[in-house]
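# Architecture at a glance
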Amino acid sequence: MHSMMWEYFQRYGRVYKMGFGRRPTIVITDPEMIKQITIKEFPKFQNRWFPEVNPPIISFLFIAKDDQWKRIRTTLSPTFSATKLKEVIPLMEEASDVLTGKLTEAAKTRHSTDVNPLFSLFALEVILSAAFGMQADIQSNPDSDTVEKPKNVFRTPLWVRAFSMFPFSDYFSKKLNLSPLNHTDYFIRIARVIYDARKAQKTPSRKDLLQLMLEAQKQQIEGKRMSDEEISAQSVIFMVAGFETTGSTLSYTWRIYSLRTQKSRKNSSKNSTRL
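What this report covers is the structure whose coordinates are included nearby. (Residues numbered from 1 in each chain as written. Predicted model: local features only at pLDDT ≥ 70, side-chain atom pairs only at ≥ 80, totals over all residues. Heavy atoms only, no water.)

With that out of the way, let us pick up the overall build of the protein. Broken down by element type, the protein carries 12 helices and 2 strands. Along the first, second and third principal axes, the C-alpha set of the protein runs to 70 × 60 × 40 Å. Evaluated residue by residue, the protein yields a buried proportion of 34% over its 275 residues. Long-range contacts, defined as pairs at least 24 residues apart, comprise 63% of the intrachain contacts of the protein with a sequence gap of at least 6. Summing over all exposed atoms, the protein offers an accessible surface of approximately 17,900 Å²; the carbon and sulfur share of this is 57%. Positive and negative side-chain charges of the protein, numbering 41 and 28 respectively, have mean locations separated by a distance of 6 Å. (Helix = DSSP H or I, 4+ residues; strand = E, 2+ residues; numbered from the N terminus. Buried < 20%, exposed > 50% of the residue type's maximum accessible area, 1.4 Å probe, protein only. Contact = heavy atoms within 4.5 Å. Areas by Shrake-Rupley, 256 points an atom, 1.4 Å probe, with all protein chains shown as cover. Lys, Arg positive; Asp, Glu negative; His and termini not counted. Charge placed at Lys NZ, Arg CZ, Asp CG, Glu CD.)

Laid out in structure tokens, this is it:
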């Protein structure tokens, strides 16, 4: 899609109109206008378009609208401060040690290795540990269900995509409980079981994002606290939004690093030869 957007930008300029399915859409690529919309005039543009869905998906931070979004966002903001996130670093370091071992073994073979599965499993293990509070050894002993379901979250069936093109599809999708995201019920069930068990504990067993959200839940925003459903939904967001994107980003970064390292070695070898 980014290639298409780039082509349209070159053809039509910084602001143009297109159809996103049946929905007329204005695309803005001018940096100053984007800054105006996303920062200065943000209160007028805080809602994101998403197909009509039922709870608990409607409580996802990037789907929630108006007052609900503002309450969830205000409650969670302190959770993602630098000080709070430092408490989660030990969980990431544990997963990083396993990943380092895997990469070291791959390097010893001196064969080309597809690192995307390695980084994807690393991302999944960090998310399960930090967001769900699960001590899952996914990198060493991957469970088929736990690995495959996150991969297919955004693979909407073709018939659902075709159905979305018809008038009133949003209305009927909500009535028939059709979601553009797959397996969300599976992850909501996991999150809810862990959430209930963690809430029943008098003394926190570990410091992770779930525990930080539980602590943030105690504060009231405009007389309301985040509900149990909203807390569980945010755990699933990390899985939905962070698994494949993080794995792909790490793989791409590793590729660039490898190419840079090879180029540096070649230049160093040429300079040594000249000397």
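This is not the end of the story, as more comes after the structure.
This part is about the pairing of strand β2 (residues 23–28). Summarising the sheet, strand β1 (residues 15–20) and β2 pair through 6 bridges and their orientation is antiparallel. Across the sheet, M18 pairs through a bridge with T25, a residue of β2. Counting the residues between successive antiparallel strands, the hairpin from β1 to β2 contains 2 residues, one of them, G21, with a positive phi of roughly 70 degrees. (Pairing = 2+ DSSP bridges.)

Turning to the environment of R198, a few remarks are in order. Checked against the element boundaries, R198 lands in helix α10 (residues 184–200). Looking at R198, the relative accessible area reads 6%, which means it is buried.

Going through the model one piece at a time under the given rule, you end up with 6 salt bridges. In this structure, E230 engages R71 in a salt bridge whose closest nitrogen and oxygen atoms are separated by 2.9 Å. Here E230, found in helix α12 (residues 228–274), pairs with R71, found in helix α3 (residues 66–76); they are 159 residues apart in sequence, far enough to count as distant. By the burial criterion, E230 is buried, and R71 matches it. (Salt bridge = Lys/Arg side-chain N within 4 Å of Asp/Glu carboxyl O.)

Taken as a whole, this structure holds 7 aromatic pairs when the rule is applied. Their ring planes at 45 degrees and their centres at 6.1 Å tell us that W254 and Y257 sit as a pair that is tilted. With a gap of 3 residues between them, W254 and Y257 both fall in helix α12, about one helical turn apart. Accessibility expressed as a relative area gives 54% for Y257, which makes it exposed. (Phe/Tyr/Trp six-rings, centres within 6.5 Å; stacked < 30°, edge-to-face > 60°.)

Turning our eyes to something else, we now look at the environment of A241. Of note, A241 is situated in helix α12. Between the C-alpha atom of A241 and that of E32, which follows or precedes it by 209 residues, the distance is 27 Å.

Once that is clear, we can look at the side chain of S59. Mapped onto the elements, S59 comes out in the loop between α2 (31–40) and α3. For S59, a relative accessible area of 1% puts it in the buried group. Reaching out from S59, the side chain makes a polar contact with the side chain of Q68 at a distance of 3.4 Å. Dropping the residues within four chain positions of it, S59 is found in contact with Q68, I72, E229, E230, A233 and Q234. (Polar contact = N/O pair within 3.5 Å; in protein donor to acceptor, adjacent residues only side chain to side chain.)

So, about the nonpolar core. One recurring pattern in soluble globular proteins is that nonpolar side chains are buried together. Counting 42 residues, the largest nonpolar core has F60, L124, I138, V236 and M239 as its most contacted members. Secondary structure elements with two or more residues in this core: α3, α6 (116–130), α10, α11 (209–216) and α12. If you look at the next biggest cluster of nonpolar residues, it comprises 8 residues, including L103, L118, F122 and V126. (Core = buried A, V, L, I, M, F, W, Y, C linked by side-chain atoms within 4.5 Å.)

Our next topic: the packing of α10 against α11. At a minimum axis distance of 11 Å, the contact between α10 and α11 shows a crossing angle of 60 degrees. In terms of their interaxial angle, α10 and α11 are classed as oblique. Considering the relative orientation of α10 and α11, their crossing is right-handed. Residues I194, Y195 and R198 of α10 touch α11, and the partners they reach there are L210, Q211 and L214. For the contact of α10 with α11, the residue count by class is 4 nonpolar, 1 polar and 1 charged. (Axes fitted to C-alpha atoms, helices over the stretch in contact; angles between N-to-C directions. Parallel < 35°, antiparallel > 145°, perpendicular 65-115°, else oblique. Left-handed = near helix turned anticlockwise from the far one by under 90°. Nonpolar A, V, L, I, M, F, W, Y, C, P; charged D, E, K, R; others polar.)

Bringing a nonpolar patch on the surface into the picture now. A surface patch of nonpolar side chains, amounting to about 490 Å² of accessible area, comprises F168, Y171, F172 and L176. Among the structural elements, F168 can be located in the loop between α8 (158–163) and α9 (169–175). With a relative accessible area of 62%, F168 lands in the exposed category. (Patch = residues over 30% accessible without salt bridge, like charges linked within 9 Å, V, L, I, M, F, W, Y side chains within 5 Å.)

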